[in-house]
Amino acid sequence: MVAIFGAGVMGETLLSGLLRAGRPPGDLLITERRADRAAELTEKYGVRAVGNVEAATEADTLVLVVKPQDMAALLDEISPHVADGNLVVSLAAGITTEFLESRLAEGRSVVRVMPNTPALVDEGMAAVSAGRHCVPEQLQHAIELLAATGKVTEVPESQLDAVTAISGSGPAYIFYVVEAMIEAGVVLGMPRATATELVTQTLYGAATMLRDTGQHPTVLREQVTSPGGTTAAALRELDDHKVRAAFISAMEAAAIRSRELSGG
Ligand SMILES: NC(=O)C1=CN([C@@H]2O[C@H](COP(=O)(O)OP(=O)(O)OC[C@H]3O[C@@H](n4cnc5c(N)ncnc54)[C@H](O)[C@@H]3O)[C@@H](O)[C@H]2O)C=CC1
Ligand SMILES: O=C(O)[C@@H]1CCC=N1
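Residues numbered from 1 in each chain as written. Chains lettered and ligands numbered in written order. Predicted model: local features only at pLDDT ≥ 70, side-chain atom pairs only at ≥ 80, totals over all residues.

Things to note about helix α6 (residues 136–146)
Those residues of α6 lying buried are Gln-138, Ala-142, Leu-145 and Leu-146. The arc enclosing the buried residues of α6, seen along the axis, measures out at 95°, which places them on a common side. Across from the buried face of α6, at angles greater than 90 degrees, the exposed residues are Pro-136, Glu-137, Gln-140 and Glu-144. (Buried ≥ 20, exposed ≤ 12 C-beta atoms within 10 Å, placed from the backbone. Helix = DSSP H or I, 4+ residues; strand = E, 2+ residues; numbered from the N terminus. Arc of directions from axis to C-beta.)

As structure tokens, then:
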């Protein structure tokens, strides 16, 4: 039995992915402190919503998807009910395996995950790190669970703040760029719906080229950039506005914030 603690954006994303991957609703539990939200998801997915203690007692895989600031209270509540041999998987940004282990009984197995929202369409990118007591079979179990919603990779835990900054928050930067490009289309006199279609398909096409050709992004960018042409004129503006440096600073800020959330 898999229990998902905290059925917000990410909790629902994982829940729906597991169901799409063929896991029966009877094999899943959710807990959610907002009663209306619990009722909505029970109705939508046919899964049972229970209290945290009941879920911790019944499940052998406990997936914690509350906000980082709610994690200590949740761990304190469930800790006496997490049996030896069961697995605790946390998706919270900045919550270390050391923190999870310190709030659970000695020897409990934990896995820390950084997912992202494209998991909602089975195109997620998740990175995982195992805690001290997690055996390889348990890590594999966590990887298989997450593979229901996209790609999964294992990284040293020291890299998880960087992962959070790159792929965890990453979809937001891409949507931000998309918003700006749509706005540009409107400035150039295009209906918003047309601009949205152009930008969305361009993003999808560019992402597919990156994934399927295996070509370096610089090569792909140069293929678009004719000497003395339109792209070169646009890219010079981006360089003049230090957009590349701004992206790097933005992701450094995200990694710093991730470290702050873990109290480090
Ligand atoms: N949204 C995103 O793109 C990503 C989020 N995350 C992580 O996922 C976690 C959840 O994020 P979101 O889903 O965006 O937040 P959210 O606020 O949408 O969901 C959290 C849910 O947990 C519930 N909750 C809080 N304390 C509870 C408790 N003690 N018992 C039961 N339910 C409780 C809240 O009512 C809420 O519905 C965070 O730790 C975040 O760092 C990680 C990667 C990406
Ligand atoms: O903004 C956040 O804190 C979370 C972590 C990664 C994406 N969203």
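The discussion continues.
Remarks on the domain arrangement of the protein chain
Considered domain by domain, the protein chain is made up of domain 1 (2–157) and domain 2 (170–261). Between domain 1 and domain 2, the C-alpha centre-to-centre distance is 33 Å. Taken together, the six residues of domain 1 in the interface contact five residues of domain 2. Residues of the side of domain 1 that touches domain 2, tallied by class, amount to three nonpolar, three polar and no charged. (Domains from an automatic or database assignment. Contact = placed C-beta atoms within 7 Å. Nonpolar A, V, L, I, M, F, W, Y, C, P; charged D, E, K, R; others polar.)

Describing the site of ligand 1
Around ligand 1, the surrounding shell holds 28 residues, and the nearest of these are Gly-6, Gly-8, Met-10, Ala-92 and Ala-93. For the shell around ligand 1, the secondary structure elements donating two or more residues are α1 (9–20) and α4 (71–78). Sorting elements by how many residues they give to the shell around ligand 1 places α1 first, with three residues. Its residues assigned to classes, the shell around ligand 1 shows 14 nonpolar, eight polar and six charged. (Near = placed C-beta within 6 Å.)

A few points about the sheet that holds strand β7 (residues 124–130)
Strand order in the open sheet made by the eight strands is β3-β2-β1-β4-β5-β6-β7-β8, with mixed pairing throughout. Across the chains shown, the open sheet's two edge strands, defined by having one partner strand only, are β3 (48–49) and β8 (150–154). Alignment of strand β5 (residues 87–90) against strand β6 (residues 109–114), held across four bridges, turns out to be parallel. Bridge pairing in β6 links Leu-87 to Ser-109. Its contacts with the sheet put α6 on β1 (2–5), β4 (61–64), β5, β6, β7 and β8, and the angle it makes with β7 is roughly 165°. (Pairing = 2+ DSSP bridges. Axes fitted to C-alpha atoms, helices over the stretch in contact; angles between N-to-C directions.)

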